Every structure is written in structure tokens, then in C-alpha cells.
Amino acid sequence: MLVDLVMISVGAYLAYFWRFDGLGLGAHYRGPVIVAVLLTLGLFPSLGLYDSWRGRNPVDQARAVTVGWIAVTLGVILIGFALKESENYSRLWVFAWVCCAWALLVLGRVLTFAILRELRARGWNHRRILIIGNGSLAGAVFDRIEATPSTGWEVVAAAMIDHDGCRRIGRVRVVEYKSRTERLARRFGADEIWLCLPLDQQAMIDRVLWDFRHSTITMRLVPNLHGMRLIQQPVAEILGLPMLNLNVSPMQGISRVVKAIEDRVLASVILTLISPLLLLLAIGVKMSSPGPIFFRQKRMGWNGRLFTILKFRSMPVGVESKSGAVWAKCGEKRSTPFGGFLRRTSLDELPQFINVLCGDMSIVGPRPERPVFVEQFKEDIPGYMQKHMVKAGITGWAQVNGWRGSTDLKKRVEHDLYYIEHWSLWFDLKIIFLTIFKGFVHKNAY
């Protein structure tokens, strides 16, 4: 993203130098460049230009950049016409800028692609793969990976369903597939599982998915799709092989960086703005009952890792020592009077912005649960563990739609998975905006 924005700006300066023979960019000409940058931030991610392109054809990437830049150019021109500003700019400069920026955008990505290929060929930023499947298709996939080391994929183990006693494929250990293969994935530190099975072996695909139902590892299906035409299906091409994305987190590559920047910047700004309120609430908690200001509790977050969540304490100390872990319900009397106010207004959640700064949580994401409840829900609710493919959030799509408190957990998980499937920076900002108006005080907040 940074390379793209730099190339667009450099293209504007070069076009200005060519048209007006000046080294700088006139103040009046900076407006269209700023608009183009903003449109790029909005359009390019939606075209998948900042998704992982590992192992994919660079020509496809250049084609996608071209489409994205055409859309940005049309957007700038339409805005200029709408504001009646188009006549104030040299048409030669606009044409030169569009052409120069396009060439630089393509060149920047080609160079970045070449540098990454060289680094991966030298062993940098490898992704470790566990192959599960039958011998013929799995062997073909392994050969393709071994023939292209510059893509950075590395097979660390293989589990064969039609195991014929073969111990190795090349230098990779081969074992018979069993339900405990999930432990094999952990032992070899696999980043992804590639399931190499024809689509007509649905029963076997279902079995593998069931065996890994509690895992958040990235899984891809490599079926025999050659000669088939699939329309509007989640198919990616890696190493020239068609793959169906079965269980892939959106927090990879540039998306993970964008999400981290979003969280840190917004959390820093919000904590600065609400610091007087945090002080007043801390005093209120301290005066309402004896005990610490903050309530600390273990919750399950990204990839099933535990972290300590922070809240303003709303209950007397030791209230769960006899009852154990209890799901919050409407009408319960465990909170202090001031704690009840904090819960009804969701102000007890504000210290979690500290969790965001520490990297344990995001501002937007599925709400985290206690490990004891996770163990209970993951068997009863389909897809429950998939909500842990992103960081837990202070607010989320389920919360702004009213699915909080003791409401239907299946509906809440459906909204969480919808958020994961459709994540974007703009979706996060929309949820934050909705939270301001409907995410604090709610009938299901208690």
C-alpha cells in the first residue's frame, strides 16, 4: 500500500515537471493527488490488491492494478466535474500523471514481486505446509512446490489417506492419516494444511474437516478441477493449481498490518480523549466497594491463545468463589450499584483499549469468551472456533446488531463469521460509528 501511494505521488510530480518544467507540485495541483490517494485506500483493498499474492501470476496482479487505477482515475475526474474544478487543471498534466502513475504502479509491484521471490528462494518468510490426501494428487502438488522454491512454500509432512506403506515423498516424511494428525500439524509447526482430494470424495473431506474442527489453522482444498468451469466460487490459484479456500483468516499480509495500525492509532487517540472519564470511573469503582479498580480475567483470543482481559470491576471481590463461572443474565444481583451502572452503559469495557494497545485485542472483532465456556460452546455451535481466526474485539458486528448478553449464541456466531468473511477497514469504521450510537446502552447490556 505504501509503495502504491508513493508511486501515485511521484507520478504527479514527474508529470508536473514535464508539463510546467518545475521541480515542485503546485499547491492547487495537490488536491487531485490527495483525492486519488483516498480513493486508492478505498478501492484497491476491495479489489484484493493487498491480499497475499504468494505463488500467483504477477501478470494477474498487474492486470488488477490497471483496473484499480482506471477506477481511481474515473473517480477523480467525476469529482472534478461535480465540483466544477476540472477546467482549472491542465489536461496534459492529467493525462501525463495518469500514464506515469500507472507505469510506476506496475513497475513497483513487479520489483516488489521480484524482491520477494529472491528472498523466499533464500529461505526467508517460508510458509510450512502439511499435505493431506491421496498419493497421486498429493505427489503432484509436492512436485510443483519443490520445483518453485521462490514462492516460499515448504512441505514439512504428508499424511496419506490411501497409505501404501511409502515412508517418504522426496525428503518429506509420509504417515497414514488418522484423527490425531492434528497433533502432527502442531509438532511440525505447520502454517497451513493443503487437502489434496477429488471433489467426489466428500465423505473424506468431511472427515478431515471434522477432525480439525477445533483448529484455527489455515486450510485449503486442492481438488482435481482441471477442465471444470467454476463461476463465483472462492477459488484461488497458487503455483498454477486451483485451490478452494476452506478456512482462511483475513488477517494475513498487508491486511494484518492495516488492522494493527488501525487498532494502535485509534486506541491511542481514544484513550487520550477519554482519560478524564477513565479517572472518574476509577474513583467511582474504588469508592463503591473495597477491592481493586480493574477486574482481570482469562479470555480466549486469536488462534485460541489466552490473554488477560481488563474491565472496571463491577462486582464485589470473590463473588464467584462459591458459584464458579456463571453466564451473565438479565436481572442478576451480583453487581454493586455503581457496577450495575457501568454494565448497563458498557463503560466497564473501556479499559480494554489498553488490551488493544498491548496487541491482545482489536477495537472491532468477535467478543472473547472464557475458556470454560469455549469448551462448552465449540461442541454445540457449528463454526464456533472459527471466530478465533481474528483478534477478539471491544465491539463487533454482532454487538451493534443487538446480539449480546444472553441472546441467541448461534446468531451471534453467524454475525461474527460474517464479519470475518467480509472484513475491510471500512467495515471496521462502520461498526465503530454504529457503536457510538447503538453499542453502549442496550436492553441486552447487563
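Rules used throughout
- Residues numbered from 1 in each chain as written.
- Predicted model: local features only at pLDDT ≥ 70, side-chain atom pairs only at ≥ 80, totals over all residues.
- Heavy atoms only, no water.
- Helix = DSSP H or I, 4+ residues; strand = E, 2+ residues; numbered from the N terminus.
- Buried < 20%, exposed > 50% of the residue type's maximum accessible area, 1.4 Å probe, protein only.
- Arc of directions from axis to C-beta.
- Contact = heavy atoms within 4.5 Å.
- Expected span 1.5 Å × (residues − 1).
- Polar contact = N/O pair within 3.5 Å; in protein donor to acceptor, adjacent residues only side chain to side chain.
- Axes fitted to C-alpha atoms, helices over the stretch in contact; angles between N-to-C directions.
- Left-handed = near helix turned anticlockwise from the far one by under 90°.
- Nonpolar A, V, L, I, M, F, W, Y, C, P; charged D, E, K, R; others polar.
- Disulfide = S-S within 2.5 Å.
- Pairing = 2+ DSSP bridges.
- Salt bridge = Lys/Arg side-chain N within 4 Å of Asp/Glu carboxyl O.

**Re unusual backbone geometry**
No. 1: You will see that Asn303, though not glycine, has its phi angle at about 60°, which is positive.
No. 2: Positionally, Asn303 belongs in the loop between β9 (294-300) and β10 (306-312).
No. 3: The class for Asn303 is partly exposed, based on a relative accessible area of 34%.

**Examining helix α9 (residues 337-344)**
No. 1: All buried positions along α9 are accounted for by Gly339, Gly340, Leu342 and Arg343. In a view along the axis of α9, the buried residues occupy a sector of 160°, so they form one face of it.
No. 2: Buried residues along α9 sit in contact with α8 (254-288) and β10.
No. 3: One or two positions beyond α9, positive phi appears at Ser346, with a value near 60°.

**Some thoughts on helix α4 (residues 91-121)**
No. 1: Its 31 residues give α4 an end-to-end C-alpha distance of 45 Å, which sits within 8% of 45 Å, the value for a rise of 1.5 Å per residue.
No. 2: The set of residues buried in α4 consists of Trp93, Ala96, Trp97, Ala101, Leu104, Leu105, Val106, Gly108, Arg109, Phe113 and Arg120.
No. 3: Buried residues in α4 make contact with α1 (2-20), α2 (30-46) and α3 (58-82).
No. 4: Regarding α4, its N-cap is Ser90, as a side-chain oxygen of that residue lies 3.4 Å from the backbone nitrogen of Leu92 further along.
No. 5: The positive-phi residue at the C-terminal boundary of α4 is Gly123, with phi of around 100°.

**Here we look at the side chain of Asp4**
No. 1: Structurally, the position occupied by Asp4 is in helix α1.
No. 2: If sequence neighbours within four positions are ignored, Asp4 has contacts with Phe44, Tyr50, Leu105 and Arg109.

**Remarks on the packing of α1 against α4**
No. 1: Orientation of α1 relative to α4, taken along the N-to-C sense of each, is 140°, at an axis distance of 7 Å. Crossing hand, α1 versus α4: right-handed.
No. 2: When its residues are assigned to classes, the contact of α1 with α4 shows 18 nonpolar, 2 polar and 3 charged.

**What about the state of the cysteines?**
No. 1: If you walk through the whole model with that rule in mind, you get 0 disulfides.
No. 2: For the unlinked cysteine Cys100, the closest cysteine sulfur is that of Cys99, found at 8.6 Å.

**Concerning the pairing of β9**
No. 1: Two strands pair when backbone bridges link them, and β9 and β10 are joined in this way by 7 bridges, in the antiparallel orientation. Counted as the bridge partner of Met300 is Leu306 from β10.
No. 2: Hairpin connection of β9 to β10: 5 residues between the antiparallel strands, including Asn303 at a positive phi of 60°.

**Some thoughts on the pattern of salt bridges**
No. 1: Counting across every chain of the model gives 11 salt bridges.
No. 2: Glu375 is paired through a salt bridge with Lys378; the nearest N and O atoms lie 3.1 Å apart. Of this pair, Glu375 and Lys378 are both found in helix α11 (residues 371-380), 3 residues apart, which corresponds to roughly one turn of the helix.
No. 3: Looking at Lys378, the relative accessible area reads 18%, which means it is buried.
No. 4: Connected via shared salt-bridge partners are Arg127, Glu192 and Arg220.

**Description of the environment of Gln399**
No. 1: In this structure, Gln399 sits in helix α12 (residues 397-400).
No. 2: According to the relative accessible area criterion, Gln399 is buried, its value standing at 8%.
No. 3: Taking the C-alpha atoms as reference points, Gln399 and Leu434, 35 residues apart in sequence, are found 9.7 Å from one another.
No. 4: Excluding its chain neighbours within four sequence positions, the residues that come into contact with Gln399 are Gly365, Arg367, Arg404 and Arg412.

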